[in-house]
Amino acid sequence: MVPAAAAGRAGLHWCPVTDPTPPPPRPPAPPQPPATTPAAQAPGDRFWTRVLTPVGVVVLAFALTIPLASLLFAADLSDDSVNAIFAATGGALIAVLGLAALNALPAHERRLATAVKHSRSGAVGLGLVIGIGVVIGSVAIIGLGTLVDPSLEERLEEQATEVGPAAWQVALLVIALVVLAPLGEELVFRGLLLRGLARRLSFWPAAAISAVLFAAAHVDAYVLWPRAIALVITGLVLAWLYRWRGYWAAVVAHATVNGVAATALVAAG
């Protein structure tokens, strides 16, 4: 038998005796508290906020312009002057309130809402082509409507906007139709409302809802049924264009449609 000291010098080691009893189980970890981020707290609230905010922008813009129109009529201004000021003020309010709603979003969502997809020149060129196509389609729809209902011709004449003879009236109406309305309405109905609806719905149902609300925001859609149909289809086309080529392509298409209408109004006036 080798003594312990000799065994240590010889490189031998004593093996410790292991305890066959297993260690006691560890207590379970305490449950983690739920996430406190806004997304985890109330995703439905964010959805409805994103959807109702652009609708509120349009309603508030109309609510603010109605007293203005009353003041303008009380000032004994001509109908042409009131129409030009009303259109410019309404377009400016929608654009300003829409920008305020956009600025309330996170920075990355602001960039996505007004982003240019592919190239700027491509967005402008495609917007022009699509805008001209929308004009042709709208004229065809309204023309078919007058064939079905001949009384529409009289109602179309009654609802037609007249342009005053003054240069400032023409300039103000053209700016309202070609600049302010495309910038503001595309931001509100496509950049905010469509993107808000698409957070929970697939694209085409979201596009259909935004197109119906887009048509409802135009007063003449309530009295001219072919005009309402044309506006819904226009809203669908602009939603598709926004998804494919971005905000500025939709703005150019919208401006093209309104530019043709403004040209016709000026020529008729």
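Above this note sits the structure.
A. Representation of helix H10 (residues 225-245) within the structure. End to end, H10 covers 30 Å across 21 residues, agreeing with the expected 30 Å (1.5 Å per residue, within 8%). All buried positions along H10 are accounted for by Pro226, Ala228, Ala230, Leu231, Thr234, Gly235, Leu238, Ala239, Leu241, Tyr242 and Arg245. The inward-facing, buried residues of H10 contact helix H5 (107-113), helix H6 (120-148), helix H7 (152-159), helix H8 (167-197), helix H9 (203-216) and helix H11 (247-268). Just downstream of H10, Gly246 is the residue with a positive phi angle, here 95°.

B. Molecular detail of the pattern of salt bridges. Taken as a whole, this structure holds five salt bridges when the rule is applied. Between Arg155 and Asp149 there is a salt bridge whose closest N-O contact spans 2.8 Å. For Arg155, a relative accessible area of 27% corresponds to the partly exposed category. Across the pair Asp220 and Arg227 runs a salt bridge whose closest N-O atoms are separated by 2.7 Å. The class for Arg227 is partly exposed, based on a relative accessible area of 28%.

C. Looking closely at unusual backbone geometry. One non-glycine residue with positive phi stands out, namely Asp76, at about 65°. If you trace the backbone, Asp76 turns up in the loop between helix H3 (43-74) and helix H4 (79-103). Judged by its relative accessible area of 69%, Asp76 falls in the exposed class. Unlike most non-glycine residues, His118 shows phi in positive territory, near 70°. With respect to the element layout, His118 can be found in the loop between H5 and H6. Looking at His118, the relative accessible area reads 67%, which means it is exposed.

D. Highlighting H8. Taking 1.5 Å as the rise per residue, H8 with 31 residues should run 45 Å; its terminal C-alpha atoms sit 42 Å apart, in good agreement. Of all the bends in H8, the greatest reaches close to 40° and is centred on Ala181; the proline Pro182 follows between one and four positions later.

E. Quick look at the packing of H8 against H9. Taken N-terminus to C-terminus, the directions of H8 and H9 make an angle of 145°; their axes are 9 Å apart at the nearest point. The chirality of how H8 crosses H9 is right-handed. Residues Glu185, Phe189, Arg190, Leu193, Leu194 and Leu197 of H8 pack against Phe203, Ala206, Ala207, Ile209, Ser210, Leu213 and Phe214 of H9. Residues that form the contact of H8 with H9 fall into these classes: 10 nonpolar, one polar and two charged.

F. Just the nonpolar core, in detail. Core analysis: the biggest nonpolar cluster contains 31 residues, and Leu102, Val188, Phe189, Leu194 and Tyr242 have the highest contact counts within it. Mapped by element, the contributors of at least two residues to this core are H3, H4, H8, H9, H10 and H11. The next biggest cluster of nonpolar side chains, apart from the first, holds eight residues, and it includes Leu126, Val134, Leu238 and Leu241.

Parameters at a glance
Residues numbered from 1 in each chain as written. Predicted model: local features only at pLDDT ≥ 70, side-chain atom pairs only at ≥ 80, totals over all residues. Heavy atoms only, no water. Helix = DSSP H or I, 4+ residues; strand = E, 2+ residues; numbered from the N terminus. Expected span 1.5 Å × (residues − 1). Buried < 20%, exposed > 50% of the residue type's maximum accessible area, 1.4 Å probe, protein only. Contact = heavy atoms within 4.5 Å. Salt bridge = Lys/Arg side-chain N within 4 Å of Asp/Glu carboxyl O. Bend = angle between axes of the 7 residues up to and from the residue. Axes fitted to C-alpha atoms, helices over the stretch in contact; angles between N-to-C directions. Left-handed = near helix turned anticlockwise from the far one by under 90°. Nonpolar A, V, L, I, M, F, W, Y, C, P; charged D, E, K, R; others polar. Core = buried A, V, L, I, M, F, W, Y, C linked by side-chain atoms within 4.5 Å.

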